[in-house]
Every structure is written in structure tokens, then in C-alpha cells.
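Residue strings, one per chain:
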Number of protein chains: 2
Amino acid sequence: MSQHRHPGAPGRTGAVPAPPDLPEATVARLPEYLRALHQLADAGHETVSSEGLANAAGVNSAKLRKDLSHLGSYGTRGVGYDVGLLIDQIEFVLGLTQRRAVALVGVGNLGHALAGYDGFASRGFRIAALLDADPSRIGEEINGLVVRHVDELPRVAAEESISIGVIATPAPAAQAVADQLVAVGVTSILNFAPCVLSVPEGVDVRKVDLAIELQILSFHEHRKASLTALPATGGTLTPLPGGLAATDTQEAIGT
Amino acid sequence: MSQHRHPGAPGRTGAVPAPPDLPEATVARLPEYLRALHQLADAGHETVSSEGLANAAGVNSAKLRKDLSHLGSYGTRGVGYDVGLLIDQIEFVLGLTQRRAVALVGVGNLGHALAGYDGFASRGFRIAALLDADPSRIGEEINGLVVRHVDELPRVAAEESISIGVIATPAPAAQAVADQLVAVGVTSILNFAPCVLSVPEGVDVRKVDLAIELQILSFHEHRKASLTALPATGGTLTPLPGGLAATDTQEAIGT
């Protein structure tokens, strides 16, 4: 993790430099660029072309250049981007120059997997607390941390300056845990429980639902299989359940 | 899981009805609607208003109506949507009317969590095979399935008609596993390894990177903290590492 070395805003008391506001899709791609840049740095590269970085991150290079231009980063013609500088810029924007403390609630199988995931530490996070409501789990040690009762959250949050809460409980327990996290001042939640959380304005929730990822893939599988089975005769009417119909595009059928 | 009851396309040999082509963002929201609809059905509701369904799924109702109009589903004024019919329509479009067989490669902590996740079965998927390259894991039984060596993938894929491959290996092993999946005809991959996979055209990859989700939350935390610390004096120049600057929007600073 690189040092936070931006110059600050001299002469304005209390003025902490704010990261620029960015399109959500750009924010979602910055971590990919960062991962690719760290790999390049580890391999000894000091500069990288936009094409090289785009390939390593799995996006197209026009999109990458546009994203980085939001950070004021345009690279140098014929040279490309300075790898170290771009790492610093992205880590600053993502707020990774401080190591954020994460509280993980729910230490079942998924919670264990998350608690044991090495990738967090190297990417700006520190699992600072493991919590569960099940008395049989309290006291268990995972990766050097002892599982504490979720009712200890207020004390844990104060001790560890918890910045992000991760919910890995079953769905029925998730809303109560979210309420407890919000009550102790946590304003960013990563939710693995398959349910929608209600949170006050100003609290960000990101959701990872593994079955939903599979269902999205299923759509593409279904479509590929259907198109393969269709004769290549151009557009066709697609009967949907209930007798409704939707017209396929020529482009999709023609493949 | 409801039965696939669309009428087919009589008179055209080999013509399997194709699901409509849909915006990717709509595809990503359909599983959310489906989950909410199943909860409504379980609670005995036969119809639901667009507002009710939108709330349950955590989206705004205008977006929901637009999404569902892509399926040819407009609801009935004063009544709303027929819950059962809409479930059938979404399940048909997502290809969930057949239970898709999933091969899971990599049974470390995360693989164990995925193998033990009850949600897959109720949502259209069947974990049909567990595979690993580590000899010490071969033969282990998880949720009634015995872990087999990844080299058995060709036989497993043929026996089980594997539709989707899930990669839960460490990053360095992931590309080779993806190549093996593609070689046996799998065209949809869900990748949990923190790396970009190269796959041929026609293969869909979705990626879940847990650290990236945290980094996206970190951006919002960082931004919220900075804005709170800033005096409310309107737009300001934000110094970035390397001496570059980006202008904050008035709107963001004004909060």
C-alpha cells in the first residue's frame, strides 16, 4: 500500500481534500486497474501503455483512458502511464491510503471464507472484528481473531474505528445486524445475505448475491442455446409464458 | 421452480423460442424481482403493485415498470402484476425452467461455503460436481457430493451436462481451470479468483471479487468523510497525488 502523499490544502482550516465525484461505473473499474497496476509494479514495470493496462484489467482501452481522465491522469504520449504514480492516484481516490477496519458479522461457512481471505490485507483492509449471535461460535479463533458476540458491536466499533460492516448472516438476521451497524455509526455495508436492506440516507450498501450471479449467467446460457437451435431465418416472434410475445432483434438471431 | 409452460412455436421444426434480448442492467435486476416475487407468493399474495414489487426488490418503480415492459409485462391498472404469471415469465427469460448443473472447481474455504449454500437449489441450480487439484481434498464429501480430481472434468461434464462452471481456486490456478472448462464445452463461468480470465468469444464470464466490492465502498466512505470535514463553501479544487487537480461538483460539496 503506497503512502498518501497528496499535498493537502494549505491555509484552509479543516479542509481535507475530497476525492472527485466519479461515475459509479468508473468507481467500479478503478479497483480492477489498481490490481493490474500492482501486478505490473511487482513485475518491475515503471510505465504502461493504455492498451497494456486495459488488457491486464480486462476492459477496452478507450474506456480506460476516459476513466483515468476523470482523475486528471492522461499519461504521456509514447510512454504511457507512470505505474507508481497511477497507483497512488487511484489509492487516494479510493480512500485506500488509510487501512480501513472491517467488522464481519456472521461466521458460518461464508464468514469463515471471508475471514480467511488473504486478499483483504494486501488491498487496503483489515478484518478488525468477527461477530456472531450463535453462542457456540463465540470464542472461536479464526486467523488470529476471536469471535465476539454481536451485542459487543458498540464497544468493538469504538475500539477499532470500524469503517465498513460485512454481513454474512442468514437472510432473516441481516436487517437487525444492519440496524446495529448503522446504530454504531457504520455508513458502508457489504451484504452477502440474499435480501434487501433498509438503511437511512447516507449509508451505502453493496450487495453480493451468489445465486443472482448464476441467474444472470443462466440468461446468457439460455439465450445462446436458443439461438443455436433456431434456424437462421432472421427475426422471429418469441412466445413468452402467458401468451405474450417479444420480437427478437435481427442481429441476435442472425448469429 | 415453476414449470416451463410457454406454448412453443408450432410448425417450425427445430425452432426453440428464444428469450428476448435485454439490456444487461435489466437482466441483472430480473433475479431481484424474482426473489421478491417468490417471497410475495410464499406470503400468499396473488397480485402486487409496481410500487410494492419495486420496494421489495429495492429499485424505483419507474425502472421496474420499464424492465418488465421488455418482457411484454405491463400489469393491470388498479390490480398490478399477477405474481405467479410474472414468476413464470422471469424464470422463462432467465432460463431457470430447467435446473442448471453447476461444476464448482476449488473447494477451499470459499468453495466449501459455495458448496454448502442452500440458496442455489431453490433458485434454479444444482451443484452437480465438486473438483479440486489438491490430492488431499479428493474424496472429501461435502453436502453429499464427493470431491473429484479436476482432471476428471471431461467425464463429469459429459455425465452431468454441466451448464455453468464456478471457479473458486487461487488466482494463479484460475486461467488453467477456465481453459479446462471451455475445453469441455462450458460457456458460462462465474469467477471468484481475483484475476481476469481470457476466454474465447461466446463464453460469458462474470466475476465476483470481494476485495473490489470493499474498495468501491471505500470510495464512498472516503468521499463522505472528506465532504463532512470540508467547510460548506461550494466548489473546491481537489489536489490529487502527483499535483493534479480535479474540480468537485457544487452539488457534492454542498451536502
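Residues numbered from 1 in each chain as written. Chains lettered and ligands numbered in written order. Predicted model: local features only at pLDDT ≥ 70, side-chain atom pairs only at ≥ 80, totals over all residues. Heavy atoms only, no water.

### Observations regarding the overall build of chain A
Along chain A, the regular secondary structure elements total ten helices and eleven strands. Across the 255 residues in chain A, those meeting the buried criterion constitute 51%. Across chain A, every contact between residues at least 6 apart in sequence was considered, and the portion connecting residues at least 24 apart equals 53%. When the accessible area of chain A is evaluated, it comes to approximately 10,900 Å², of which 52% is carbon and sulfur surface. (Helix = DSSP H or I, 4+ residues; strand = E, 2+ residues; numbered from the N terminus. Buried < 20%, exposed > 50% of the residue type's maximum accessible area, 1.4 Å probe, protein only. Contact = heavy atoms within 4.5 Å. Areas by Shrake-Rupley, 256 points an atom, 1.4 Å probe, with all protein chains shown as cover.)

### Some thoughts on the UniProt feature "binding site: NAD(+)" (unreviewed entry) in chain A
Residues and elements named next belong to chain A. The positions UniProt marks with the feature "binding site: NAD(+)" (unreviewed entry) are Gly106, Val107, Gly108, Asn109, Leu110 and Gly111. Mapped onto the fold, Val107 is located in the loop between strand E3 (100–105) and helix H5 (109–115). Among all residues touching Val107, those that are not within four sequence positions of it are His112, Leu130, Leu131, Asp132, Arg137, Ile142 and Val147. Within the secondary structure, Gly108 sits in the loop between E3 and H5. Among all residues touching Gly108, those that are not within four sequence positions of it are Asp132 and Arg137. (UniProt positions renumbered as here; feature names shortened; annotations may be inferred.)

### Considerations on the UniProt feature "DNA-binding region" (unreviewed entry) in chain A
Summarizing the sequence annotation, UniProt attributes the feature "DNA-binding region" (unreviewed entry) to residues 32–71 of chain A in the numbering used throughout. As annotated, residues 32–71 of chain A has a helix share of 72% and a strand share of 5%, and its two end C-alpha atoms lie 15 Å apart.

### What about the pairing of strand E8 (residues 188–191) of chain B?
All names here are of chain B. Burial along E8 is two-sided: Ser188 and Leu190 facing one way and Ile189 and Asn191 facing the other are all buried. Pairing of strand E7 (residues 162–167) with E8, which is carried by three bridges, proceeds in the parallel orientation. Its bridge partner lying in E8, Val166 is registered against Leu190. As a crossover connection, the stretch from E7 through helix H8 (residues 171–183) into E8 is right-handed. Sheet analysis places E8 next to strand E9 (residues 204–207), joined by four bridges and oriented parallel. Bridging from a neighbouring strand, Ser188 pairs with Asp204 of E9. (Pairing = 2+ DSSP bridges. Right-handed = clockwise from strand over helix to strand, strands pointing away.)

### With respect to helix H3 (residues 61–70) of chain A
All names here are of chain A. Listing the buried residues of H3 in full gives Ser61, Leu64, Asp67 and Leu68. Projected down its long axis, H3 shows its buried positions confined to an angular sector of 120°, all on one face. Contact partners of the buried residues in H3: helix H1 (24–42), helix H2 (50–57), strand E2 (81–82) and helix H4 (83–93). A distance of 3.1 Å separates the backbone nitrogen of Ala62 from a side-chain oxygen at the start of H3, and that oxygen is part of Asn60. (Arc of directions from axis to C-beta. Polar contact = N/O pair within 3.5 Å; in protein donor to acceptor, adjacent residues only side chain to side chain.)

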